[in-house]
Every structure is written in C-alpha cells, then in structure tokens.
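# Survey of secondary and tertiary structure
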Amino acid sequence: MRRACVPGAYAPGDTVAHRLDPRAKLVLLLVATVAAFAAGAPWGLALAAAGLVVALVASRTSPATVLLGLRPAAVILGVSVLSNALVLTGGPGFSLEGLARSAAVVCRIALVVGFALSFSSTTRPPAIADALASLMGPLRRLGVPVGALAMSSSIALRFIPLAVEEVDRIRCAQRARGARLDEGGLLARLRGWGQVLVPLVASLLRRADELASAMVDRCYTGEQTALLGPLAGRDRAALALGALWAAATVVL
C-alpha cells in the first residue's frame, strides 16, 4: 500500500533550516506570520514573498507542497475572492479594487502556509514541544501547565500524519470490498464516506486510549525536561536577520 503524503510532515535532512534551533525557528515563524499580515501591498508583500523563497530554499521545501497545503482551503479562498470582486449593490458589476484586496489576503494566507510548512517539515514534533516548553517557561509562575500544553501540541502534531495514513488505509480497504466512494450523487458519496469516517473515529479513539494508558503506566505528570542549551551564534544571527526582514516588510 502506498504511503500517504502529508504536506508539512517532518522530512529528515541536513539543510540550513534543519540545523537551526527549534526555538529560533518557532520565533521566526511567529515573526513571519506577523510580517505577512502587517506588510503593505505591493512592495511589502513582495519582500515577504522573497522571505518565503529564502525559507523554502533553506528547508528544501517544494513550492508544490505549499500549493498542496492550500488545496483544502481552495474553495473557501476562491469564494472569498469572488465575493469581494462582485458588486451587488446598485448596479451589479465587477470591482477591480475588491479583486485586488481579496487577492492580497489570499497571498498573505499562502505566505503563512508556506512559512508553517517550512517550519514543520524541518522540525521534529518532540523538538517543537521542547521549544514551546522553553519559550513558555516564564508562564509557570502564573500557574500555567506549560509541560502539559507542550506535550498536547506534540501529540496533536504526531497524530496528523497518523490520521492521514489511517484514512488512506481504510479507504483502500473499503474499495477492495467493493465500496464506490467517488461515484453517484452528493448524498451517495456522503453515505459512502461514512464507511470510512466511522472506522476512522473508532481507530483514533483506540489509539488515544492506548496512548493515555501508556502515559499513566509511565507515571506521566504533565511536566517534561527540555534538553535545550543556549542558542548558538547561527541561531542568533537568524533571529536578527528575521527581525530586520520583518521590520522592512512592515515599513515598505
């Protein structure tokens, strides 16, 4: 059986992005997200897009992966573009200003998706949990369960590819039994996909129960020890360059 392709799943490698500290990459992702939405059009967005190109090259992420990550929201993005471009009040018509505004929003969303995929494809889920626990460490003084939040994030990230693989496995099994998931009308297809969703929910609940039992058997208390040392020179340099790039996108 073929292995399901999950956009943004961790891909082992030895790129510049792989060698960066996960804390630095997480901060850069937050900075890039803010810069993508705060950048002015068109020059600010152009500089933000140049930053995405650098991130894709540094992580060796294909632009096709970004398009694949946008595919689930393609219908919603398309409807939003049309709804902003069409003018229904007064005389119906077509607004170039609305089209430009909605296209800029779609570009911002695509930029954020690209940055997120570059981050997730070069960072292991346990490393993301360690980075979250380290960055949110000061919140422990306020009673925030930092360790539990970080572990929950790590488990959620790990379950995403597992869920995709489980859907692919169940779909292939149902097709082998004669199920026609992509034939017929809308109601027929929904009933057919019910043969996939019901076993999927049961399988995910079983995995969650097994995981909870394993954590209880190992006396998990919600806290974890992050084995992250001080940031290296390249990490500090990457943070400084990222801050300068974000400031330039906002200024432009």
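What counts, and where the lines are drawn
- Residues numbered from 1 in each chain as written.
- Predicted model: local features only at pLDDT ≥ 70, side-chain atom pairs only at ≥ 80, totals over all residues.
- Heavy atoms only, no water.
- Core = buried A, V, L, I, M, F, W, Y, C linked by side-chain atoms within 4.5 Å.
- Buried < 20%, exposed > 50% of the residue type's maximum accessible area, 1.4 Å probe, protein only.
- Helix = DSSP H or I, 4+ residues; strand = E, 2+ residues; numbered from the N terminus.
- Contact = heavy atoms within 4.5 Å.
- Salt bridge = Lys/Arg side-chain N within 4 Å of Asp/Glu carboxyl O.

Residues Leu-111, Phe-115 and Trp-245 are the most contacted members of the largest nonpolar core, which totals 29 residues. Counting residues per element, the ones that place at least two in this core are helix 2 (22-38), helix 3 (43-59), helix 4 (63-70), helix 6 (96-120), helix 7 (125-135), helix 8 (146-176) and helix 10 (233-251). Examining the composition of this core, we find that 6 residues originate from one element, helix 6, more than from any other. Those residues in contact with Phe-115 that lie beyond four places of it in its chain are Leu-29, Ala-32, Ala-48, Gly-51, Leu-52, Ala-55 and Trp-245. Counting 5 residues, the second-largest nonpolar core is a separate cluster that includes Ile-170, Ala-179, Leu-181 and Leu-200.

Time to look at the environment of Val-34. Relative to the helices and strands, Val-34 resides in helix 2. The class of Val-34 is exposed, set by a relative accessible area of 57%. Separated by 78 residues in sequence, Val-34 and Val-112 place their C-alpha atoms 9.0 Å apart.

With that settled, the discussion passes to the pattern of salt bridges. Proximity of charged atoms lets side chains of opposite charge pair with each other. Evaluation of the coordinates by the stated rule reveals 5 salt bridges. Residue Asp-14 is joined to Arg-19 by a salt bridge in which the shortest nitrogen-to-oxygen separation is 3.2 Å. The exposure class of Asp-14 is exposed, given its relative accessible area of 56%. One salt bridge connects Asp-21 with Arg-23, and the closest N-O pair in it is separated by 2.9 Å.

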